[in-house]
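Architecture and fold: a report
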Amino acid sequence: MKKTSSFVYDFIVGVGAIVFTAIMVLLFVGEQLLPDERTYTDSYFEDYSDGWVRVYNDGTKRTIKAPGQYEVSAGQELVIEKTIDADSRKTRYVTFNSVKQDIYAYVGGEHRYTFSTKDTRIFGSHSPGLYVFIPIYPEDEGKILQIVFWGNNNYTGVLDKISIGSQVGILLSIYNDERYTLILTLFLIVLGLIAFIIGIIVKVAYNRTLSLSFAGWAVVCAGTWFLAESNCKQIFVPNISLMSYMTYISLMMLSYTMALYFDRLQEGRYRMAYMILEVLELFVLLAGIVLQLLRKSDLSAMLPYAFLSIILSMLIYLITVIPDFIQGKVKDYILEFIGIMVAFVAGVGQMIAYDDKHPITMDAFILTIGLIFMILMSYIRALRDIRKMERDMFAAVQAQNASSAFLTRMSHEMRTPINAILGMNKMILRESKEENILDYARDVNGAGNYLLSIVNEVLDLAKVNAGKFDIDIEDYELMDMIRECYSLIKPRALANRLAFEVDMSDVLPARLRGDKERIIQIITNLLTNAVKYTPEGRIKLSVQGKISGGRLLLMITVSDTGIGIDEDSIPYLFDSFTRVGEFQNQRIEGTGLGLTITKQLVEMMGGTITVESEPGKGTAFTVVIPQEIRTVEPCGTFSMGPNGDRRVVDRNEVFDVLGKILVVDDVAINLRVFSMLLNNTDITVDTAISASEALEKIKRNKYDIIFLDHLMPGMDGIQLKEIIMALPDNPNKDTPFIMQTANAVVGAKEQYEAFGFVDYIAKPIKEEELRKLLRRYMI
Ligand code: ADP
């Protein structure tokens with residue numbers, strides 16, 4: 001089914017394309033072969049070159065031919081005349097291309113017509129070439145038409161073919177002469193502009209520079225040159241002088257852009273040669289323009305340099321292609337090489353054709369075709385390159401996803417056994433009495449915690465790379481957050497004999513809204529680094545802020561008096577796995593991931609991170625994060641407060657839950673341990689040693705959690721729970737029940753869940769486990 005539909009689809013598209021192409025070809029051929037149906041009633045145009053005589057200064061007259069080139073000494077005029085013949089038409093116009101000449105026409109000795117841009121051109125010393133329109137009326141029959149050509153250059157004696165016709169007839173004939181070249185030139189310019197735009201898009205999207213953009217630039221210059229040279233310019237622009245100057249400017253730009261294009265193709269291997277040429281070309285171009293503006297010289301003086309530059313660009317290219325050929329490098333740009341060679345041959349062909357032609361018309365037809373071929377080759381190469389880039393990027397994304405997924409899985413897998421090791425080790429620390437065993441256990445604890453922090457960093461990095469980091473917004477107390485950071489780092493600073501200062505503005509809003517946990521992670525990452533990379537002195541946490549647009553820009557600076565970072569390394573600091581500086585030899589632990597993660601976190605919250613450092617003096621990282629303000633009341637002076645130092649050792653143990661729980665167990669010591677484990681907290685622990693005592697308390701009090709022992713004499717935890725749930729007026733209908741069990745096995749949780757328990761806790765009760773459960777079910 002799928003195959004058939006794709007075949008039918010291809011067939012439909014294929015037939016459509018063939019039909020369309022056939023229609024376009026027929027349209028083109030038909031327009032050439034079928035009769036002219038245009039309704040101009042006045043498109044008369046015919047040759048008027050015969051019967052002209054040249055009048056010399058001394059009055060002698062000699063027959064001349066148009067077109068032709070005649071000797072005229074500098075500053076002199078070329079004067080020609082002819083008797084106007086009879087014609088039944090109303091007004092006719094004698095026309096020819098003025099070749100940088102001023103034209104004056106007289107009929108029967110009276111002035112009839114002038115063409116000169118003396119008063120309208122903004123610069124330049126002569127009029128541009130254009131088709132003149134000398135009006136001839138019926139009553140002029142038999143009178144003498146005298147035309148005076150004046151020029152201050154060596155074009156004065158150049159005579160174009162002379163014609164006569166109506167205005168429409170003349171314009172149509174000018175257009176008809178050049179229409180193919182004109183259409184192709186416009187096509188070339190459009191291709192060039194599109195190429196240029198594609199180049200910019202690719203640069204922005206992939207940060208890659210396509211040679212296509214330079215090819216595009218070059219052909220736009222060539223196209224502008226052809227337009228400036230075209231006889232049709234008087235049909236599409238009003239100020240012919242200005243357009244004519246584009247001949248020189250675009251020709252100079254053409255050689256410059258060609259050099260850029262060739263250099264790009266050859267990947268900068270011969271850059272020096274091209275660069276020298278480009279500098280010279282730009283210099284000539286700018287000097288030409290400046291001299292013209294100062295009226296010290298004419299832009300047309302640039303023409304020989306422009307042609308010379310084009311020849312030089314081509315020469316450097318042809319010479320440098322030889323070593324490229326020998327080294328097999330041409331195959332990297334073979335399509336464009338063919339394109340350029342075709343354009344080159346077309347250019348040579350054009351020059352030969354030009355020689356044969358009438359001296360004043362430059363028809364760029366052959367060269368235009370060559371250049372269109374050249375840019376099309378460049379397009380093909382660019383499309384190939386873009387496809388390759390797409391494929392590479394896709395492959396890179398796939399690889400990145402795969403590696404992120406692997407890192408995530410691995411670090412999850414690793415965390416479970418590490419937690420088990422640390423948990424068991426804590427038991428040893430708690431229960432062992434032997435000093436040497438305790439020593440080993442402390443070492444295991446230190447190394448295990450470090451290992452855990454590395455695994456956590458890798459997991460964070462994988463999450464960041466996979467874009468899976470979530471921002472968890474909540475209201476929080478600013479002071480609490482800073483205290484927490486302080487508590488976490490203080491012991492480390494103390495252990496390293498570093499002073500730890502906190503400089504917190506007391507007017508900051510007390511309550512904010514944002515991702516508190518992530519901000520703590522950011523601050524502690526920076527503080528941990530400050531401790532690690534500061535052998536002596538102090539570290540400092542500064543918390544300031546300013547209000548902007550209704551939000552607080554929280555400004556946190558972590559500074560130290562440590563080893564500092566040298567200037568060259570700063571740009572690489574935030575790259576993954578990058579560690580800088582000599583301390584690497586000093587065995588400071590680290591993965592080079594902390595700052596990468598920190599920066600990503602800061603940016604995810606719309607903030608910025610900056611660093612200032614001086615080697616040997618210290619470093620200061622400043623983070624600015626916008627936070628919502630919940631209350632404008634000031635947070636007050638920083639102090640560790642009554643509970644401040646309670647939250648030490650490990651962030652995961654931070655515990656500030658308020659509530660009331662009931663513990664039911666038939667062993668008194670267990671109840672005591674339970675109470676003791678929580679005696680530092682704001683949790684009220686109620687205990688019951690028997691089912692009946694439990695039922696009494698449950699009827700009277702509302703608890704946040706009820707812990708039931710599994711195995712009790714007379715009635716087990718499961719039965720007791722059933723009785724509790726059956727009690728009338730039970731205030732604990734929605735209270736979560738947690739089972740205490742001495743023989744937890746895999747799947748125990750599911751087993752107890754089936755009896756309506758939300759979770760279970762293994763005996764002997766571990767402090768972390770208990771706290772975790774309390775956090776989970778009480779908040
Ligand atoms: P690491 O795990 O190596 O500490 P980080 O990403 O946290 O990785 O830091 C990257 C590097 O930046 C460090 O290896 C260190 O070279 C440098 N660095 C970070 N903080 C400081 C600091 N406070 N003083 C000096 N160097 C620092």
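Provided above is the structure to which this section pertains.
Rules used in this analysis
Residues numbered from 1 in each chain as written. Predicted model: local features only at pLDDT ≥ 70, side-chain atom pairs only at ≥ 80, totals over all residues. Heavy atoms only, no water. Pairing = 2+ DSSP bridges. Helix = DSSP H or I, 4+ residues; strand = E, 2+ residues; numbered from the N terminus. Axes fitted to C-alpha atoms, helices over the stretch in contact; angles between N-to-C directions. Parallel < 35°, antiparallel > 145°, perpendicular 65-115°, else oblique. Left-handed = near helix turned anticlockwise from the far one by under 90°. Contact = heavy atoms within 4.5 Å. Nonpolar A, V, L, I, M, F, W, Y, C, P; charged D, E, K, R; others polar. Core = buried A, V, L, I, M, F, W, Y, C linked by side-chain atoms within 4.5 Å. Buried < 20%, exposed > 50% of the residue type's maximum accessible area, 1.4 Å probe, protein only. Phe/Tyr/Trp six-rings, centres within 6.5 Å; stacked < 30°, edge-to-face > 60°. Right-handed = clockwise from strand over helix to strand, strands pointing away. Patch = residues over 30% accessible without salt bridge, like charges linked within 9 Å, V, L, I, M, F, W, Y side chains within 5 Å. Areas by Shrake-Rupley, 256 points an atom, 1.4 Å probe, with all protein chains shown as cover. Salt bridge = Lys/Arg side-chain N within 4 Å of Asp/Glu carboxyl O.

On to the sheet that holds strand E1 (residues 45-47). The sheet built from four strands is open, its strands ordered E1-E12-E6-E9 with antiparallel pairing. In this open sheet, the two edge strands, each paired with only one partner strand, are E1 and strand E9 (134-136). The average undirected angle you get between the axes of adjacent strands in this sheet is 30°.

For the rest of this paragraph, the subject is the pairing of strand E10 (residues 144-150). Of the strand pairs in this sheet, strand E5 (residues 77-83) and E10 are connected by seven bridges, and their pairing is antiparallel. Paired with Glu81 across the two strands is Gln146, which belongs to E10. Relative to E10, strand E7 (residues 102-107) runs antiparallel, the two sharing six bridges. Across the sheet, the residue bridging to Tyr106 is Gln146, located in E10.

The subject of this paragraph is the packing of helix H10 (residues 435-465) against helix H13 (residues 594-604). When two helices pack together, their arrangement is given by the angle between their axes and by how far apart the axes lie. Running from amino to carboxyl end, H10 crosses H13 at an angle of 45°, the nearest separation of the two axes being 10 Å. Relative to H13, the element H10 lies oblique. In the packing of H10 onto H13, the handedness of the crossing is left-handed. Along the contact surface, H10 presents Glu457, Asp460, Leu461 and Val464, while H13 presents Gly594, Thr596, Ile597 and Gln600. Taken together, the residues of the contact of H10 with H13 sort by class into three nonpolar, three polar and two charged.

Counting 57 residues, the largest nonpolar core has Leu254, Tyr317, Leu371 and Ile375 as the members making the most contacts within it. Of all the elements, helix H5 (residues 240-265) adds the most residues to this core, at 14 residues. The contact partners of Ile375, leaving out residues within four places of it in the chain, are Leu188, Leu191, Gly192, Ala195, Leu212, Ala215, Gly216 and Val219. Membership of the second largest hydrophobic core comes to 51 residues, among which are Phe500, Leu508, Leu595 and Met605.

Our next topic: the packing of aromatic side chains. What characterises a pair of aromatic rings is the spacing of the ring centres plus the angle enclosed by the ring planes. Tallied over the entire structure, the rule returns 20 aromatic pairs. With 6.5 Å between their ring centres and 85° between their planes, Phe574 and Phe621 make a pair best called edge-to-face. Pair noted here: Phe574 is in the loop between strand E17 (551-560) and H13 and Phe621 is in strand E19 (residues 618-634), with a separation of 47 residues, a long-range link. On the accessibility criterion, Phe621 (7% relative accessible area) is buried. Aromatic side chains Phe737 and Phe757 sit 6.3 Å apart centroid to centroid with 85° between the ring planes, which places their arrangement in the edge-to-face category.

Within strand E23 (residues 737-741), five of the five residues are buried, which leaves the element mostly enclosed by the surrounding structure. Side chains Phe737, Met739 and Thr741 of E23 all project onto a buried face; the interleaved residues Ile738 and Gln740 project onto the opposite face, where all are buried too. Bridge analysis of strand E22 (residues 705-709) against E23 gives four bridges, and the strand direction is parallel. If you follow Ile706 over to E23, its bridge partner there is Phe737. Following the chain from E22 across helix H16 (residues 717-726) to the adjacent parallel E23, one finds a crossover that is right-handed.

Turning to a nonpolar patch on the surface, a few remarks are in order. Side chains of Phe7, Val8, Phe11, Ile12, Val15, Val19, Phe20, Ile23, Met24 and Leu27 sit close together on the surface and give an oily, nonpolar patch of about 980 Å² of accessible area. Within the secondary structure layout, Ile23 lies in helix H1 (residues 2-33). For Ile23, a relative accessible area of 49% translates into the label partly exposed.

Our focus in this paragraph is the side chain of Gln266. Inspection of the secondary structure assignment puts Gln266 in the loop between H5 and helix H6 (271-293). When neighbours within four sequence positions are excluded, Gln266 is seen to be in contact with Tyr274, Tyr317, Thr320, Val321, Asp324 and Tyr333.

Read these as geometric descriptors, not functional statements.
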